[in-house]
Amino acid sequence: MTSSVVSTICPFCGVGCGLDLKVQDNQVIAVEPIFHHPVSLGQLCVKGWNAAFGIDPGNRITTPLLRKIDTFHPISWDEALNHIANQFTDIISNDGPDALGVISCARATNEDNYAAQKFARCVLGTNNIDHCARICHSPTVAGLKQTLGSGAMTNSISDIDSADLLVVFGADPTENHTVLGGRIIKAKTNGAKLLVVDPRKTRLAELADVHLQLNAGTNIALINGLLNIIFSNNWEDTDFLASRCENQKEFVESLADYPATKVAEITGVAEELLDRAAYLYSHAQRAFLAYGMGITQFVSGTNNVIGISNLALSCGQIGRVGTGINPLRGQNNVQGACDMGCLPNVFPGYQPVSEPAVQEKFSSAWDCTVPTQPGLTSLGMAKTALGGKFKGLIVMGEDPVVTDPDQQLVQRAFRSLDLLVVCELTMTETAKMADIVLPVVSFAEKTGTFTNCERRVQLIQKAIPSFAESKSDWRILSELATRMGYKGMGWQGEEAIFDEMVRLTPLFSEMSYPKLIEYQGLQWPCDESHPDGTMLLHSTSFSTANGKGKLIPVRYVPPDEQPDDEYPLVLTTNRLHFHYGCGSMTRKSPLLERETPDGVLFINANDGESYNINNHEDVLVSSRRGEVSTRAVYSEQVPQGLVSMPYHFKEAPSNRLTNNAQDPVTKMPELKVCAVKIKPIKAGALPISEERL
């Protein structure tokens, strides 16, 4: 019997906690926290403690699979890769490179994601590369890029301890970022004030000094109202605005349209609460503002983020320890997937695909002619497939059938493809639709790096051998590239990929595997000016062309879909403490599955009585896009008129209901608001089957 302990990083949320894998006879038998880890400080959430179940061999895919009619048949790797290479080559010849694309994975390593975008650009010849940031934090990248010059968390998680005011806007870190949420609670216990902005009465809202329980989708009206109060009372930071910001006059003039009386009517928040919140934020010495998808997942997502930035700039709450604008990234490496260039408009390090000098740089380094026009987003690929002009797709470890909006549209799009290739651990709902399924290794079976929400790049280490015939994503793409005639992806290992990325990406130019080990991770930018990384952004200037923060007027736009007589309730989506993403990992844990075994609809008890729905009764939820049967649970968290569903459950997929109306800048779908109706159904009724779609 052989045993060992291997240190790595948790594969769940964007906090990036350190964990030790206890290995016996080449199997992970338990996990423990790393007690001196700089982020988690010896803590793990319940999902982290159950990480071993997510990679259990019980239902893992063991060999490449080829669909023949409605049945999957095992094939060899040579057969699988030759089939893909031949069909992709034919599509390029017949329909052009933009008929193909790649959806990379926010749970895969930086090395896997770097390989994915290089494969799309050099082998397929397209910028059609995207991933799940499209439906979570793409407005963060776009919005903060305009106002600050870079779209990432400005401060470090440890700054929570230094703040005297904590603002949580459109998020519940106790659910999905539990270790960070616990740190907020500890800071509150130690004397910090807590301001929560959320339509739901979350756990943090119950502890808050002020809870602004706004109507869903009224973020901009609320923020502009707060700013109107701040400037009317001369509570703004005049010195900061004068020295470090531009466009103040036009911006302040735009706030005149948002007097407190009007904002209270739009948002449902009392004027006295608006006044108190404006005073707290503007008078705090150090206000740490964190936000989540309650800001980004709207047709106004980019402008919501700009509004958050306007608030921080106006009060000088940025560029200092304990302050900042801090988006909470949902998946373990969604920050890294963005950093690596898995977006249709940027190369690694956010270098624009449209700039000739950048094109020349990457064409020369990669020995290929890179495409010059921005590619399709993930939802753009789906819609183009329905139009018959998009033919083939590789999906790496994502489950769009469960997580993307308008499930029926996604399913129709995938069925229309000539070739759908899915790289996965288990047979997800998306994998079930594939033409070819390729087995990939888990986080415990590979080496590489993850980047957490505070821009900290951390090394993960291989703890156990690859399961069955599974391979790393980057190795699959490398072998496929060779078969398609491109020789520039023949890396000898993960470190070689990382080193290539570092050479081409200024943000990471001083990083290396040995240095990541020495420092327990490094926060970018890590370059000649910051060789030991950067804990705090924008301390003296912003990353804009002139170094100034830009105040940009934004106007309130209502959600795309409003409740009416036919669909009288507003549906929003949420996460659960015991589950993660599409549930493919957490639902393998009997402990987590016991806590929340199936889908739920949270509903206010008064609404339940109005619609003759009892607590824990089966209900049918319908929107203009589809219907889902699930279980109603009375909850004081949701006010009357608002219901909420998690998206972890394939049996009750909330994305069958959600609206795919999009933010015009980032194509972010409005997942946080749609109109629905509900009615009770017979107890024990089965979920609506796919045959009825």
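Not measured: the values here are computed from a predicted model.

Caption draft 1: Here's a closer look at the overall build of the protein chain. Within the protein chain, the regular secondary structure consists of 25 helices and 28 strands. For the protein chain, the spread of C-alpha atoms along the three principal axes comes to 70 × 65 × 55 Å. Looking at the 693 residues of the protein chain, the share that counts as buried comes to 65%. Relative to all contacts within the protein chain whose residues are 6 or more apart in sequence, the contacts with residues 24 or more apart total 73%. Accessible area for the protein chain stands at about 24300 Å²; split by element, carbon and sulfur atoms hold 49% of it. Separation of charge centres in the protein chain, based on 59 positive and 77 negative side chains, amounts to 1 Å.

Caption draft 2: Inspection of the packing of aromatic side chains at higher detail. Evaluation of the coordinates by the stated rule reveals twelve aromatic pairs. Ring plane angle 85° and centroid distance 6.4 Å describe the contact between Phe 240 and Phe 542, whose orientation is recorded as edge-to-face. Placement of the pair is Phe 240 in helix H10 (residues 238–244) and Phe 542 in the loop between strand S21 (522–523) and strand S22 (549–550), with a sequence separation of 302 residues. Like Phe 542, Phe 240 is buried. Centre to centre, the rings of Phe 347 and Trp 366 are 5.9 Å apart; their planes meet at 70°, and the pair counts as edge-to-face. Highlighted residues: Phe 347 in strand S14 (residues 346–347) and Trp 366 in helix H17 (residues 356–366), separated in sequence by 19 residues. Using a relative accessible area of 0% as the deciding quantity, one classes Phe 347 as buried. Classification of Trp 366 as buried rests on a relative accessible area of 2%. Among the aromatic residues, ring-to-ring pairing joins Tyr 114, Phe 347, Phe 362, Trp 366, Trp 474 and Trp 491 into one connected group. Here the basic side chain of Arg 244 rests over the ring of Phe 542, its NZ or CZ set 4.4 Å away from the ring centre.

Caption draft 3: The arrangement of the pattern of salt bridges in detail. On inspection of all chains with the given rule, the structure shows 20 salt bridges. Arg 456 is the salt-bridge partner of Glu 454, the closest N and O atoms lying 2.7 Å from each other. The pair formed by Glu 454 and Arg 456 is uniform in burial state, with each residue classed as buried. Each of the salt bridges in this network shares a partner with another, and the network as a whole consists of Glu 561, Asp 564, Arg 624 and Arg 625.

Caption draft 4: Highlighting the nonpolar core. Within the largest apolar cluster, 78 residues are counted, with the highest numbers of intra-cluster contacts made by Phe 119, Trp 366, Ile 394 and Met 511. When near neighbours in sequence (up to four residues on either side) are disregarded, Ile 394 contacts Phe 88, Gly 101, Val 102, Ile 103, Phe 119, Val 421, Cys 423, Leu 477 and Leu 480. Within the second largest apolar cluster, 47 residues are counted, among which are Leu 212, Phe 231, Val 263 and Ile 325.

Caption draft 5: A look at unusual backbone geometry. A cis amide bond links Trp 524 to the next residue, Pro 525, at an omega of 0°. If you trace the backbone, Pro 525 turns up in the loop between S21 and S22. The backbone of Ile 69 sits at a positive phi, close to 60°, despite the residue not being glycine. Within the secondary structure, Ile 69 is located in the loop between strand S4 (65–68) and strand S5 (71–74). Unusually for a residue other than glycine, Gln 520 sits at a positive phi of about 55°. Residue Gln 520 is classed as partly exposed on the basis of its relative accessible area of 36%.

Caption draft 6: Structural detail: the packing of helix H4 (residues 110–124) against helix H22 (residues 494–504). The N-to-C vectors of H4 and H22 enclose an angle of 65°; their axes lie 9 Å apart at closest approach. As judged from the angle between their axes, H4 and H22 are roughly perpendicular. In this structure, H4 crosses over H22, and the sense of that crossing is left-handed. Counted together, Glu 111, Tyr 114 and Lys 118 of H4 and Glu 494, Ile 497, Phe 498, Glu 500, Met 501 and Leu 504 of H22 form the full contact between these two elements. Taken together, the residues of the contact of H4 with H22 sort by class into five nonpolar, no polar and four charged.

Caption draft 7: Structural detail: the sheet that holds S5. Spatially, S5-S4-S18-S17-S16-S6-S7 is the arrangement adopted by the seven strands of the open sheet, whose pairing is mixed. Because the sheet does not close on itself, it has two edges, and the strands there are S5 and strand S7 (129–130). Inspection of the sheet shows strand S16 (residues 392–396) paired to strand S17 (residues 419–424) by five bridges, in the parallel sense. By the bridge assignment for S17, Ile 394 is matched with Val 421. Most of the contacts of H4 go to strand S6 (residues 100–103), to which it runs at about 175°, and overall it touches S6, S7 and S16. This element, helix H21 (residues 473–483), spans S16, S17 and strand S18 (436–439) of the sheet and lies at about 155° to S16.

Caption draft 8: Quick peek at the confidence of the model for the protein chain. With 97% of its residues at a pLDDT of 70 or more, the protein chain has an overall mean of 94. In the model, residues 685–693 has pLDDT below 50 throughout and makes 18 contacts with residues more than four positions away in sequence or in other chains.

Caption draft 9: Layout of the side chain of Gln 458. Structurally, Gln 458 can be placed in strand S20 (residues 456–460). Gln 458 sits in the buried class, given a relative accessible area of 3%. At 2.7 Å, the side chain of Gln 458 forms a polar contact with the side chain of His 37. Setting aside residues up to four positions removed in sequence, Gln 458 forms contacts with Ile 9, Gly 16, His 37, Gly 448, Thr 449, Phe 450, Asn 452, Gln 520 and Gly 521.

Caption draft 10: Examining the pairing of S20 more closely. Within S20, five of the five residues are buried, leaving the element largely enclosed by the surrounding structure. Burial of the side chains of S20 extends over both faces: Arg 456, Gln 458 and Ile 460 are buried on one face and Val 457 and Leu 459 on the other. Pairing of strand S19 (residues 448–451) with S20, which is carried by four bridges, proceeds in the antiparallel orientation. By the bridge assignment, Gly 448 is partnered in S20 with Ile 460. Summarising the sheet, S20 and S21 pair through two bridges and their orientation is antiparallel. Each bridged residue has a counterpart across the sheet, and for Val 457 the counterpart in S21 is Leu 522.

Caption draft 11: Up close: the packing of helix H18 (residues 378–386) against helix H20 (residues 407–416). One way to put it is that H18 packs onto H20 with a least axis distance of 8 Å and a crossing angle of 60°. It follows that H18 is oblique to H20 by the angle criterion. Crossing hand, H18 versus H20: left-handed. Across the interface between the two elements, Ala 382, Lys 383, Ala 385 and Leu 386 of H18 pack against Leu 409, Arg 412, Ala 413 and Ser 416 of H20.

Thresholds applied
Residues numbered from 1 in each chain as written. Predicted model: local features only at pLDDT ≥ 70, side-chain atom pairs only at ≥ 80, totals over all residues. Heavy atoms only, no water. Helix = DSSP H or I, 4+ residues; strand = E, 2+ residues; numbered from the N terminus. Buried < 20%, exposed > 50% of the residue type's maximum accessible area, 1.4 Å probe, protein only. Contact = heavy atoms within 4.5 Å. Areas by Shrake-Rupley, 256 points an atom, 1.4 Å probe, with all protein chains shown as cover. Lys, Arg positive; Asp, Glu negative; His and termini not counted. Charge placed at Lys NZ, Arg CZ, Asp CG, Glu CD. Phe/Tyr/Trp six-rings, centres within 6.5 Å; stacked < 30°, edge-to-face > 60°. Lys NZ or Arg CZ within 6 Å of the ring centre and 35° of its normal. Salt bridge = Lys/Arg side-chain N within 4 Å of Asp/Glu carboxyl O. Core = buried A, V, L, I, M, F, W, Y, C linked by side-chain atoms within 4.5 Å. Axes fitted to C-alpha atoms, helices over the stretch in contact; angles between N-to-C directions. Parallel < 35°, antiparallel > 145°, perpendicular 65-115°, else oblique. Left-handed = near helix turned anticlockwise from the far one by under 90°. Nonpolar A, V, L, I, M, F, W, Y, C, P; charged D, E, K, R; others polar. Pairing = 2+ DSSP bridges. pLDDT = per-residue confidence, 0-100. Polar contact = N/O pair within 3.5 Å; in protein donor to acceptor, adjacent residues only side chain to side chain.

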